[in-house]
Every structure is written in C-alpha cells, then in structure tokens.
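Structural characterization, general
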Protein chains: 2
Amino acid sequence: MASQFPSSLFLPFQESSSELAQYTRLFRAFQQAIINGDLTPGAKLPASRALCAELGISRNTVKTAYEMLHAEGYVETRHGAGSFVATNLPLDTVDQSEDQAQPQAQVPPKLSAMAQTLVGVRKPNQMKTGELLLPAQPCVNSFPWSQWQRAVASAGRQMKYQQNSVMGNSQLREQIANYLRVVRGVKCTTDQVMICSGSQQAMFLALKLLVDAGEAVIAEDPGYQGIDGAIAAVGATKIPAQVDKQGIQLEDGLQQAPNARVVMLTPSRNHPLGHTLSLDRRLQLLQWAKRNGSWLIEDDYDSEFRFEQQPLTSLQGLGGQDVVIYTGTFSRILHPGIRLGYMVLPELLLEPATRAKTYMEGGTSILPQLALAEFMSSGHFASHVRRMRKLYHQRREILHSAIDARLGAQLSLIPSDGGMHSVYLIPEQWDDRRIRQLCEARGLGIRDLSRYYTGQKRTCGLVIGFAGYSEAEINTGVDRLAAAIDLYSSE
Amino acid sequence: MASQFPSSLFLPFQESSSELAQYTRLFRAFQQAIINGDLTPGAKLPASRALCAELGISRNTVKTAYEMLHAEGYVETRHGAGSFVATNLPLDTVDQSEDQAQPQAQVPPKLSAMAQTLVGVRKPNQMKTGELLLPAQPCVNSFPWSQWQRAVASAGRQMKYQQNSVMGNSQLREQIANYLRVVRGVKCTTDQVMICSGSQQAMFLALKLLVDAGEAVIAEDPGYQGIDGAIAAVGATKIPAQVDKQGIQLEDGLQQAPNARVVMLTPSRNHPLGHTLSLDRRLQLLQWAKRNGSWLIEDDYDSEFRFEQQPLTSLQGLGGQDVVIYTGTFSRILHPGIRLGYMVLPELLLEPATRAKTYMEGGTSILPQLALAEFMSSGHFASHVRRMRKLYHQRREILHSAIDARLGAQLSLIPSDGGMHSVYLIPEQWDDRRIRQLCEARGLGIRDLSRYYTGQKRTCGLVIGFAGYSEAEINTGVDRLAAAIDLYSSE
C-alpha cells in the first residue's frame with residue numbers, strides 16, 4: 001500500500017515545477033528518495049494502482065515512472081511480486097538532503113593556487129547604474145544605433161555561410177589590419193591579427209604564451225587593473241615599475257627583477273595618469289627587448305582619444321614586429337557589451353596562440369564579428385571615432401572649467417592630452433579613499449587614484465570620468481563632488 | 001639639398017598605402033630612415049622647399065611632416081639653420097630592416113612551458129569545406145534561419161540598454177537554468193549559471209579553478225580532444241582511464257594517480273564510443289568525490305541526442321551539486337559559429353569563477369547572448385532540438401543500412417543510443433590511420449578511432465558522422481568509404 005511510505009516522499013512530486021511531465025516528477029521523487037536513503041535497498045514500491053489513487057494521477061503516469069526507474073537501474077522487478085528498490089546500488093554515502101549545504105568530505109575540497117590568488121586580487125570596479133563621472137564610460141547615447149542595427153541584421157543573414165575560425169572572422173581581421181596599419185603604424189598582415197574577447201582576453205593569452213607561473217612581469221605602477229588581473233590569472237608576479245611624465249621607468253622594474261623577460265604596458269596613455277611613453281623610452285624598451293630575447297605586451301589603450309596631437313607611432317610599428325604583442329579593444333570605443341578586441345602576433349607566436357585559443361576558449365562568436373566587420377567596412381567606425389574624439393574633447397573642457405570654478409583651490413590637474421577621464425591631485429595629507437566613499441554615497445563613480453598602485457609609493461588623487469556624461473550631468477557631478485569635499489574638509 | 005639623400009629613403013613614401021595622408025607617409029619615411037640608421041643623428045634634413053619640388057608635393061605637406069617629426073622627438077630645429085636628426089636618441093641597436101626576420105638577440109626569445117606543450121598536443125580536427133560524413137557536423141540547413149534572424153535583429157535593438165556582465169546576460173542565464181532543471185534534472189538557480197564561449201571555455205575555466213600546473217586530471221580514454229587540450233592548457237597531466245560499456249573506469253585512473261582530485265568526463269556519451277555512464281558508476285564517482293573533497297567536471301555532451309530513451313539524470317542532479325561543475329554548449333546543437341555555452345557552478349566556486357573570467361576574458365559578447373535568449377524564450381530552441389533528434393535518428397538509420405548493405409562483412413557497429421556519429425570496429429590488424437588517409441583523399445571527413453586514445457591500449461575503428469548529411473550524401477559517402485576500403489584491402 002502506498003500509505004506505508006512517508007507522505008514527505010511525494011512532496012518533491014507535488015511541489016516540483018509544473019513545467020515537467022507528471023511522470024518525470026514522480027520518477028524524480030522516487031529517485032531522490034532512493035538516493036537519500038528514505039527508500040532503502042530491497043524496499044517494495046507501492047503497487048501502481050494504489051499509488052495512482054493516492055496521488056490522484058493516471059495509472060499510465062505511474063507505470064511510465066516505474067519503467068524509467070527500472071530503465072535507469074533504480075528498481076528491479078520480481079516476477080509477480082512487484083517492483084523493489086535495487087539492492088546492488090552503491091548508495092551508502094551519497095547523501096543529498098537539501099538542507100545539507102556541504103558534503104561530508106574527509107578531505108576538504110581544494111581550489112587551485114590561481115583561484116585562491118585571484119580571490120585576493122583587488123575587486124574590479126563595479127559599475128552602478130546612474131553613477132556620474134565614472135571613468136571608462138563611453139557615450140553610449142552617441143553610438144550610431146541605426147547603422148549598428150543594420151550591421152547586426154546583416155550579420156544574422158551572413159552567419160549561415162560562415163565557418164568557425166579560432167583566429168576570427170577573416171573580414172573583420174582584414175578591417176582591423178588595415179585600420180592599425182594606417183592609424184597606428186602597426187606593421188602586420190591580416191594573418192597576424194587574432195580576434196579576442198576585448199583586450200582582456202588578448203592580454204591574458206599573450207601572457208600565457210610567454211610566462212610560467214611564478215615568473216615576473218614588469219608593469220606600470222600605477223596601472224590598469226585588467227593588467228594586474230591578467231598577471232595574477234597566469235600565476236605570475238607583477239613587478240611594479242614607477243611611472244613619470246615620460247611613462248614607465250624600465251630600470252625601476254629591472255632593479256626589482258633583473259631577470260624579468262616581459263613588460264606589459266599601455267604606452268599611448270598610462271592608466272590612469274594619462275602620461276604618454278616618450279620616444280626615448282620607446283626606443284630603450286625595444287632595444288632591451290631585442291637584446292635580451294624579451295617581450296613587450298603593448299596594450300594601445302586610448303590611442304584613439306588624443307585631442308591635440310596625433311598619437312605616437314605604436315611600439316610595434318617602431319621596429320617591434322618581432323618582440324611586441326600589440327593588443328586593443330572595441331569595447332571602450334563602441335559599447336561595453338561588444339566585447340571584441342584583437343591582438344597582433346609576431347610570426348613566432350602564431351601557432352602557439354592558435355592552439356592556446358582553441359583549448360582555452362574555442363573561438364569567439366561569429367555574430368558580433370560579422371556585425372563589426374560590416375560596421376567598419378561601411379565607414380561607420382571611423383566616423384564614430386572622429387565624432388567621439390571631438391565630443392570627448394569638449395566634455396573634458398567642460399569638466400576642467402567646472403572644477404576650476406568650483407574646486408580650483410583644492411584640486412590640481414595632471415596634464416594629459418586625451419582620454420576619457422582626467423586625474424586631479426588633492427592636497428597632501430588628504431585621504432582619497434575617504435573622499436571616494438563620500439563621492440559614492442552621492443552617486444558619483446569617481447575613483448581614488450591610490451587604488452591603482454601596487455607598490456608602496458602611492459599618490460593620492462581623484463580619477464574623474466567625463467566621456468559618458470552631458471554638460472548638465474558633468475556640472476551636477478562637480479556640484480556633488482564639491483559637496484563631498486566640503487564634508488571631507490569639515491570631518 | 002634633397003639630392004644629398006639616397007633616393008631609396010623616399011621609397012617607403014612613394015610606395016606606401018594611398019589610404020594614408022601624404023604627410024603621414026612622408027613622416028613615416030623619415031621615421032623609418034632615422035630608426036634604420038639611414039639618417040644618422042645630427043644629419044640635416046632637406047630644406048622643405050627643395051624637398052617639395054623633388055617629390056612633387058605641396059610645401060604644407062612637407063611642413064606638417066616636419067612638425068610631426070619634431071613633436072615626436074625625431075628631429076630638433078636649430079634656429080635659422082633648419083632641422084636635424086636628434087642626437088640624443090638611443091638608436092644604436094634598434095634595427096628594423098624589413099628583410100631581417102628575427103631580431104639580433106643575445107638571448108633567444110622564450111615561450112612559456114604551456115605554449116611549448118600546446119604545440120605538441122594533437123592538432124584539432126580541421127574541417128574542410130565539403131567533406132562528407134564528418135563527425136560533429138550539425139545539420140546547418142535545418143536551422144530555423146528566419147526565426148534566428150528575427151532574434152538577432154531584436155538583439156541588435158536591445159543591446160543599447162544592456163549592461164555588460166561577466167557572468168553573462170541574465171535573460172539567457174534564466175533560460176538555461178530552466179532548461180537544465182527540466183530536461184537534465186540539474187539542480188541550480190540562475191545565479192549559478194555562467195555563460196561561456198562554448199563548453200571549451202567552460203572546461204578550461206573549471207580546470208583553472210581546481211588544478212595547478214603539474215597536477216593530475218583523470219579523463220576518459222578514448223576521450224574528447226577538447227578535454228585533452230584544456231588539460232594541457234592548464235599545464236596539468238591527463239591520466240587516461242579506460243572506458244567500457246558502463247563508461248569510465250575510475251579505478252583505472254586512480255591506480256595510475258591515487259592522489260588525483262579531479263575527474264573530467266562526458267557521462268551522457270563517451271566521445272567517441274558513445275557509451276553512457278551507468279547509474280552504478282555515477283553513484284560511485286559521486287561517492288568518491290564527496291569522500292575525498294574531489295571534483296567532477298561533467299561535460300554533458302550530446303545528452304540532447306538520445307534517440308530511444310531519455311538520457312540519464314545528470315551527475316550534477318544526482319546529488320552532485322557541491323562536487324560537480326556541469327558544462328554544456330549550443331555550438332553543436334545550433335551552429336558551430338554561435339560559440340555560446342555555459343557552466344553550472346557549485347556555490348563555493350562562484351566568486352573565484354567570476355574573478356577568473358573577469359581577468360581571462362572580460363565577459364562574453366552581449367549580442368549573441370541576447371539573440372539566443374530570445375530564441376529560447378520563444379520556444380524555437382526546444383522545437384529545433386526535437387526536430388533534430390528525429391532527423392538525426394533517421395539519418396543514423398540511413399547510415400547503418402547503407403553500411404550494412406555495402407560493408408557489413410568488414411565493419412561492426414559499436415551500439416550506442418544517440419549522438420551525431422557512429423563508431424564501427426574494423427577487422428583486427430587493419431590500420432585505421434591508413435584507412436583515414438584513403439578516406440581523406442576521397443573527400444570524406446571520417447576519423448580514425450585510434451587517434452582519440454591517449455594510453456597505450458588503443459582500438460582501431462572508424463568514426464562516421466551522419467547528422468549533417470542528407471540521404472544522398474550519406475549514400476555517396478558510404479560508396480566512397482567502400483572504395484577506400486577496397487583499395488586498403490588490395491594494398
């Protein structure tokens with residue numbers, strides 16, 4: 001009789017999702033009861049006639065569930081005697097009672113060293129919707145949505161005829177190679193361009209090809225936290241090299257790690273200070289790399305947004321074809337969700353990079369690649385960059401004027417030609433972390449400069465985004481910043 | 001005078017891409033000459049008037065190029081005397097003559113151990129266009145393109161309002177969680193679902209979280225080469241565990257590596273044999289994992305394509321919520337270019353996985369995620385899977401009949417309920433690699449079974465795809481296979 005079973009046994013059946021067929025729900029209720037030990041090996045299952053009456057379901061439902069239990073090996077049938085819980089299942093310790101969160105392990109579960117390290121890495125900046133003056137926020141409203149949508153619709157149609165390729169879609173690779181040759185003086189063929197998920201994946205892959213766990217990678221201090229994260233993700237150690245107005249100081253890094261063989265940097269603009277690597281330092285880095293069989297990973301961050309001068313020729317184009325891995329992204333220029341970037345690989349790395357991407361990711365989705373290729377080939381990308389360069393230049397002036405007017409006595413601008421944010425120094429002894437907290441409470445995305453440092457020597461300041469905000473928003477933001485600083489001064 | 005300079009100096013100017021402004025081309029010609037040493041420090045640049053006459057360009061072009069050279073630090077102006085190559089540039093060894101492929105390094109450039117290992121991993125199967133009977137080729141022609149295109153167009157419109165999220169788009173994650181709960185008995189909330197680039201990235205990330213370089217990972221032998229590649233990509237060692245009709249033999253793996261703490265497997269169907277992991281073995285694996293603080297990475301490969309029975313409940317759903325990382329992909333079911341997959345993470349791994357994806361990739365492109373979410377929520381995905389299950393079942397029968405009729409005496413089928421390919425054993429002493437070569441020469445994508453093995457014990461056979469081919473194509477393919485085998489027998 002069904003009544004010999006605890007009624008709780010059928011709770012999972014009665015409560016489970018109605019999306020499931022009744023027989024599946026009944027099957028799973030028995031399955032769980034058997035695995036939990038609520039039904040022990042050898043126990044007799046209720047007769048199907050009795051059970052269907054008790055649960056108010058059809059006999060066929062019960063029979064199908066029993067057949068499934070039989071097919072999967074949970075029950076055995078004894079001729080004429082009914083169905084019994086199988087006696088040969090190794091069930092003794094598989095305990096899955098729902099309220100027991102952790103398994104009863106004799107040994108605690110272990111994570112990789114990398115996983116343990118990563119959890120310790122400074123958390124990525126969280127974007128909160130509606131925050132003002134957040135750095136790295138492009139002007140999404142100015143994005144040419146109708147042209148983009150046409151490119152996307154076309155991509156949906158073309159996708160049918162496309163083969164998947166780990167290196168990326170050939171049309172997009174060709175567009176990127178042309179763009180980089182013309183605009184950044186990069187020396188490359190289409191074959192050297194690999195499509196990645198943003199520059200983040202490009203930097204990670206590049207490091208994976210060059211560095212083993214425990215090795216040293218020299219990087220700018222302060223620097224981009226995506227670089228710190230990529231270094232941590234390969235299990236390498238970041239050697240923080242100080243940055244001055246000419247950019248990264250290689251000697252500072254080499255003093256700490258004379259055997260380092262990889263430098264990772266953003267020569268067009270140090271992040272977040274905005275200093276550009278000088279020609280002298282560029283030549284010096286290339287020399288060092290060529291002499292020592294070393295590598296430079298050049299993330300050409302923000303080269304698009306120089307307002308007064310042309311950006312300097314890339315390290316790669318300055319004679320670095322064999323020692324530079326050049327990376328870039330479209331996510332900052334177009335839309336944070338686009339997640340497409342690229343790297344330009346020296347010949348020597350083409351084969352290992354293809355293998356690595358094959359096994360670490362399998363290839364980037366074709367759809368956004370086709371859309372972007374179309375968007376670039378029809379000229380929308382180039383004209384969008386031009387328009388944004390102009391717009392961001394204007395917005396920077398608006399921010400600078402507003403701060404001069406309201407906070408000129410306390411904040412002092414670090415000069416830089418371009419970008420999507422500006423950095424201001426604060427009076428000595430002021431604590432930028434505290435100011436950041438006060439800003440956050442007022443809906444501001446302003447960041448504390450000191451958080452971008454790895455080494456002991458830190459400068460305090462404020463990193464203030466302007467690219468994504470209208471004149472009114474910038475002024476509101478500066479008002480709130482002034483209020484936060486007033487409060488800070490009175491604390 | 002300009003004539004004092006070798007005319008070759010201006011070749012890069014005259015030959016370079018006309019996409020570039022003339023002044024940029026001229027600037028780059030001088031830049032290259034200075035870096036190459038063709039123009040030495042202190043050398044006087046030609047007067048702009050003379051140069052514009054010689055090259056037949058406007059004086060403004062020359063002046064702009066000279067200003068750029070000055071701004072970037074390549075030349076210095078002496079008042080009234082003209083422009084000179086800067087004397088303070090550290091130029092001695094930056095040699096970038098185009099015909100010198102490798103830099104003159106005192107130390108040869110070094111790759112990571114991982115990069116060196118990966119190049120040694122068995123090459124991924126290359127798809128050649130038009131090959132018949134290739135395994136893992138879905139029926140792209142049956143894909144509902146018009147519904148897909150509508151979903152894509154809608155994604156292009158929605159994208160504007162989407163925030164980027166490393167875990168993936170919440171609509172898609174919810175669709176996947178619902179699907180897995182209902183169809184695969186997976187026990188998860190939407191929060192546990194992470195969107196990845198195919199199952200390949202999911203498997204790599206899972207391994208990165210659990211295994212350090214040098215550690216052992218038990219995996220099926222024969223097995224999926226994407227799994228072997230992921231294991232190599234994290235620098236771990238694959239311990240090949242033999243497979244029988246009940247699936248992976250855990251003891252075989254543990255005998256070779258008693259301390260292994262991770263098993264990676266495809267329980268629904270061993271690749272390529274097609275054996276399903278039995279209930280006994282499932283329970284045994286779960287028990288082992290729970291007792292030892294070990295992990296199971298369950299790639300639920302081909303669970304969608306069981307033709308006669310329902311697939312067995314996933315390991316994750318069988319009480320493995322805390323010890324199983326469950327992975328899957330849409331690339332096999334829908335289109336190879338879609339490159340979207342997922343993993344279901346135990347609570348303990350949520351934070352490390354988020355960090356790892358942030359720094360290794362930065363997040364998957366939103367566009368295909370939005371399209372797929374729409375495609376699933378409007379029911380097209382579920383009905384496509386149902387249609388393909390029916391179609392592939394029919395196509396399998398066509399293949400089996402054709403082989404029975406033509407090659408029944410030589411080939412013997414390994415029974416398996418489902419999938420997109422079938423495996424046939426060949427007579428002992430036959431060499432499947434040689435047969436594969438003969439097949440390849442006839443435009444067949446048939447694979448040799450022995451290539452899927454890592455250990456010493458290998459079975460020879462043929463892996464024959466049917467899913468992507470019409471009845472006529474299958475029959476043509478089997479004709480060609482018969483011809484190849486005829487030739488092999490006569491060799």
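The paragraphs below set out a description of the structure included in this document. All values reported here derive from a predicted model rather than from experimental measurement. (Residues numbered from 1 in each chain as written. Chains lettered and ligands numbered in written order. Predicted model: local features only at pLDDT ≥ 70, side-chain atom pairs only at ≥ 80, totals over all residues. Heavy atoms only, no water.)

**Brief notes about the overall build of chain A**
We count it as follows: Each helix is a run of DSSP H or I of at least 4 residues and each strand a run of E of at least 2, with the numbering of both proceeding from the N terminus. Radius of gyration: C-alpha atoms only; globule rule: 2.2 Å multiplied by the number of residues to the exponent 0.38. For every residue, the accessible area (1.4 Å probe, protein chains only) is compared with the maximum for its type, and the residue is labelled buried under 20%, exposed over 50%, or partly exposed between those bounds. The contact criterion used throughout is that any non-hydrogen atoms of two residues lie within 4.5 Å. For accessible areas, the Shrake-Rupley method is used with a probe of radius 1.4 Å. Any residue's cover is judged against the shown protein chains and nothing else. When charges are counted, Lys and Arg are positive and Asp and Glu negative, with His and the chain ends excluded. Think of each charge as sitting on NZ of Lys, CZ of Arg, CG of Asp or CD of Glu.
On a plain count of helices and strands, chain A comes out with 16 helices and 14 strands. Compactness check: chain A gives a C-alpha radius of gyration of 30 Å against a globular reference of 23 Å for 491 residues, more than 25% above the reference. Split into buried and exposed, the 491 residues of chain A put 60% on the buried side. In chain A, 72% of the contacts between residues at least 6 apart in sequence involve partners at least 24 apart. When the accessible surface of chain A is split by element, carbon and sulfur atoms take 48% of a total near 18,300 Å². Both charge centroids of chain A, one from 48 positive and one from 47 negative side chains, sit 4 Å from each other.

**Focus: the nonpolar core**
Applicable threshold: Note on terminology: a nonpolar core comprises buried Ala, Val, Leu, Ile, Met, Phe, Trp, Tyr and Cys residues joined through side-chain atoms within 4.5 Å.
Ranked by internal contacts, the top residues of the largest apolar core, which has 231 residues, are L481(A) and L481(B). Element by element, the count of residues in this core is highest for helix α14 (residues 380-407) of chain B, at ten residues. Not counting residues up to four positions away in its chain, the partners in contact with L481(A) are I403(A), L407(A), L411(A), C439(A), L444(A), I446(A), L462(A) and I464(A). In this structure, M203(A), A356(A), I325(B) and M360(B) belong to the second largest nonpolar core, which totals 78 residues.

**With respect to unusual backbone geometry**
Residue and element names in this part refer to chain A. Residue P272 is bonded to the preceding H271 through a cis peptide linkage, with omega at 5°. By the element assignment, P272 lies in the loop between β7 (262-265) and α11 (279-292). Phi is positive for L133, which is not a glycine, with a value near 60°. If you trace the backbone, L133 turns up in the loop between α5 (113-120) and α6 (145-158). Among the residues examined, L133 registers a relative accessible area of 0% and is labelled buried.

**Some points on the interface of chain B and chain A**
Put simply, the rule reads: When two parts are put together, the accessible area they lose, computed with a 1.4 Å probe and summed over both, is reported as buried area. Salt bridge criterion: a side-chain nitrogen from Lys or Arg within 4 Å of a carboxyl oxygen from Asp or Glu.
Contact with chain B, which involves 128 residues of that partner, is made by 128 residues of chain A. Among the residues of chain B in contact with chain A, R291(B), R355(B) and Y359(B) are the three that bury the most area, contributing 8% of the side total. Here chain B and chain A share two salt bridges between them. Taking the shortest distance from any N to any O, the salt bridge between E215(A) and K110(B) comes out at 3.2 Å.

**Focus on the environment of P46(A)**
Residue and element names in this part refer to chain A. Checked against the element boundaries, P46 lands in the loop between α2 (22-36) and α3 (48-55). What makes P46 buried here is its relative accessible area of 3%. Distance in space between the C-alpha atoms of P46 and Q192 is 68 Å, their sequence separation being 146 residues.

**Some points on the packing of aromatic side chains**
Applied cut-off: Each aromatic pair joins two rings of Phe, Tyr and Trp (for Trp, the six-membered one) with centres within 6.5 Å, and gets the label stacked for planes under 30 degrees apart, edge-to-face for over 60, and tilted for any other angle. Definition used: whenever NZ (Lys) or CZ (Arg) falls within 6 Å of the ring centre and also within 35 degrees of the ring normal, the charge is taken to sit over that ring.
Inspection of the entire model under this criterion finds 24 aromatic pairs over all chains. Centre to centre, the rings of F330(B) and F381(B) are 5.3 Å apart; their planes meet at 75°, and the pair counts as edge-to-face. You can see F330(B) sitting in the loop between β9 (324-329) and β10 (341-344) and its partner F381(B) sitting in helix α14, a full 51 residues away along the chain. Comparing F330(B) with F381(B) shows no difference in burial state: the two are buried. Counting every residue linked through ring pairs, the aromatic cluster contains F143(A), W145(A), W148(A) and F375(A). Residue placement shows R78(A) over the ring face of F84(A); its charged tip is 3.8 Å from the ring centre.

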